[in-house]
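# Remarks on the overall topology
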Amino acid sequence: MDSARTATASRTPLRALATEAVHAGRDDLARQGLHAPPIDLSTTYPSYDSRGEAARIDAFAATGAEPDGPPVYGRLGNPTVARFETALARLEKTESAVAFASGMAALTAVLLVRASLGLRHVVAVRPLYGCSDHLLTAGLLGTEVTWTDPAGVADALRPDTGLVLVESPANPTLAEIDLRALAHSCGSVPLLADNTFATPVLQRPAEQGARLVLHSATKYLGGHGDVMAGVVACDEEFAGHLRQVRFATGGVLHPLAGYLLLRGLATLPVRVRAASANAAELVHRLAADPRVTRVHYPRIGGAMVAFEVDGDPHGVIERVRLITPAVSLGSVDTLIQHPASISHRIVDAEDRRGAGVSDRLLRLSVGLEDVEDLWTDLDQALERPVRAAERF
């Protein structure tokens, strides 16, 4: 964290999550005579002090710390994106955060940081998001993965283990993990917790021992289905390494995306709580419906629901009218998808089913519509049960 950010952080009083969501990353605006955060679209920045510029670039190359003074180049950092990073770090209660062009770019950067130290082995717990699973299983970055359950993490660690990776609640089964206990099992190996589904509104993994907190910011942090991004909240030491990887590989976040994400954070607590209330009511109704064989919903709540149907899941996808059949999640509108066909299709079928992703499972990202309208649409989309007399 540079000196300006450190000074700002030291002067910031302890504030409630809802207050931080509105004000974090914007604390200096009023003093500048501004209300809305400015969008800096510059790719490069003028400097008449080439010696000083060289010294700042050397300092960044050594530690990855953000340069003091004006920006240098868009691939190294951007003021609008930095506002979002500051805000997300405050919400997750970490020292820093580093934003990327997508959630997968963020995860890739973490793996590259550890691999650069010769720590290419990853211990992971299924289920994970399908592309995260594939990235590890395929060894595309030269990594090796050991899959295990939470109880087996400690025994799976090796001298070259660089990372333990989990999602809680998990995608798409919403299985939960005791992050505090798991962090203890990791010892000195960093625990990365994907917090995309829960968001800092429902849990803060860093407070439970996770060193790294990953978000596909495309989802709830943006919240409106119009921005793609990823972010890692972490300590400043790890953030420096991530910035160096981002600079070298180019997975930078566009300033407009940074602006939209900062705006999205302002309503994050309101959106998550309202959508969670809708989800809890739908869970109650789905659990009582004979056309549904099982409902998955995490103890911490949230706006994600998964359920298994007695009939054809593809028919449900075909029949929804208000709910949008689409991949992704966390938007203000409700989305439904069939994981075995889309988000987790890339995972081996046996591994997918072994992780609890059945072929009849549907994943519902509940939005902000009126819950009665949502239930009306689900009710008509679920396959009508066959009566005994109709079987003959």
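Here we summarise the structure given alongside this text. Quick caveat: nothing in here was measured; it's all calculated off a predicted structure. Counting restarts for each chain, with residues numbered from 1 along the sequence as it is written. Given that the model is predicted, a residue must reach a pLDDT of at least 70 before its local features are reported, and side-chain atom pairs must reach 80 or more before they are shown or counted; all residues, however, enter totals for whole chains, interfaces and linings. Only hydrogens and water are removed before side-chain values are computed, so all heavy atoms of the structure are retained for them.

### What about the environment of D373?
Locating D373 in the fold gives a position in helix α14 (residues 371-381). For the pair D373 and I323, spaced 50 residues apart in the sequence, the C-alpha separation amounts to 9.5 Å. Helix and strand definitions here come from DSSP, where helices need a minimum of 4 consecutive H or I residues and strands a minimum of 2 consecutive E residues; each element is numbered from the N-terminal end.

### Some thoughts on the sheet that holds strand β9 (residues 304-309)
Strand order across the open sheet formed by five strands is β8-β9-β12-β11-β10, with mixed pairing between neighbours. At either margin of the open sheet sits one strand with a lone partner, and together these are β8 (292-296) and β10 (324-325). Between any two strands, pairing holds if DSSP finds at least two bridges. With two bridges joining them, β10 and strand β11 (residues 335-337) adopt parallel strand pairing. Paired with P325 across the bridge in β11 is I336.

### Some details on the environment of G356
Residue placement: G356 occurs in the loop between α13 (349-354) and β12 (361-365). Counting along the chain gives 181 residues from G356 to A175, while the straight-line C-alpha distance between them is 9.2 Å. The contact definition used throughout considers only heavy atoms, calling two residues in contact when any of these lie within 4.5 Å. Aside from chain neighbours lying at most four places away, what touches G356 is T173 and L361.

### Describing the pattern of salt bridges
A side-chain nitrogen of Lys or Arg and a carboxyl oxygen of Asp or Glu constitute a salt bridge if their distance falls within 4 Å. Scanning the entire structure with this criterion turns up 21 salt bridges. Close ionic contact of E237 with R211 constitutes a salt bridge, the shortest N to O distance being 3.7 Å. One end of the pair, E237, is in helix α10 (residues 236-249); the other, R211, is in the loop between α9 (199-202) and β6 (212-215), and 26 residues separate them in sequence. To sort residues, take the accessible area from a 1.4 Å probe on protein chains only and compare it with the maximum for the residue type: under 20% means buried, over 50% means exposed, and anything in between is partly exposed. Using a relative accessible area of 28% as the deciding quantity, one classes R211 as partly exposed. R353 is the partner of D359 in a salt bridge, and the nearest nitrogen-oxygen pair spans 3.0 Å. The class for R353 is partly exposed, based on a relative accessible area of 46%. Within the structure, one salt-bridge network assembled from shared partners comprises R15, E20, D27 and R90.

### With respect to a nonpolar patch on the surface
On the surface, a nonpolar cluster with roughly 260 Å² of combined accessible area is contributed by I39, L41 and L256. Positionally, L256 belongs in helix α11 (residues 255-287). Judged by relative accessible area, which is 41%, L256 ranks as partly exposed. In this analysis, a patch consists of residues with relative accessible area above 30% that form no salt bridge, clustered at 9 Å for like charges and at 5 Å for the nonpolar side chains Val, Leu, Ile, Met, Phe, Trp and Tyr. All accessible-area figures derive from a Shrake-Rupley calculation using a 1.4 Å probe, and residue coverage is judged against the displayed protein chains alone.

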